[in-house]
Amino acid sequence: MNWDQIEGNWKQLKGHVRTQWGKLTDDDLEVVAGKRDKLAGVLQERYGLAKEAAEKQVKDWEDRLKDADRP
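Reference entry: report on the structure contained in this document.

So, how was this worked out
Residues numbered from 1 in each chain as written. Predicted model: local features only at pLDDT ≥ 70, side-chain atom pairs only at ≥ 80, totals over all residues. Heavy atoms only, no water. Phe/Tyr/Trp six-rings, centres within 6.5 Å; stacked < 30°, edge-to-face > 60°. Helix = DSSP H or I, 4+ residues; strand = E, 2+ residues; numbered from the N terminus. Buried < 20%, exposed > 50% of the residue type's maximum accessible area, 1.4 Å probe, protein only. Arc of directions from axis to C-beta. Contact = heavy atoms within 4.5 Å.

Time to look at the packing of aromatic side chains. Under the defined criterion, the tally for this structure stands at 2 aromatic pairs. Measuring from ring centre to ring centre gives 6.1 Å for W3 and W61, while their planes differ by 50°; the resulting arrangement is tilted. On the criterion of sequence distance, the pair formed by W3 in helix 1 (residues 3–8) and W61 in helix 5 (residues 51–69) is long-range, its members being 58 residues apart. Overall, the relative accessible area of 4% leaves W61 in the buried class. These aromatic residues form a ring-pair network of at least three members: W3, W21 and W61.

Take a look at the structure:
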C-alpha cells in the first residue's frame, strides 16, 4: 500500500493508526488526513520524538501495511 492508497483509505486506516499510536486524538487524525509528513509531525509532538525517529516509526508502520496487503 502506497501513500496515495493510505490517503484514499484514511477513514478505514484510522483504527490501525490509533492501535499503533494510542496518544493520537481524533483531532490529530483529522489534521493528518493521510498525509505522511503530517503524521510524522504529530508523532513528534505527541511522543516527543526526534524527526528521524518519527519518520522511522511511520516507515515501519507503512511497511507492515504493505506486508499485510500482499497475498
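Following the structure, the description resumes.
To continue, consider the environment of G8. In this fold, G8 is placed in helix 1. Spatially, the C-alpha atom of G8 lies 7.5 Å from that of G34, the residues being 26 residues apart in sequence.

Since there are 3.6 residues in each turn of an α-helix, residues three or four apart along the chain are aligned in direction. When helix 2 (residues 10–20) is considered as a whole, its buried residues turn out to be W10, L13, K14 and V17. The buried residues of helix 2 occupy an angular sector of 130° when projected down its axis, which confines them to one face. Exposed residues on helix 2 whose side chains face more than 90 degrees from its buried face are Q12 and T19. For helix 2, the secondary structure elements touched by its buried residues are helix 1, helix 3 (26–32), helix 4 (36–47) and helix 5.

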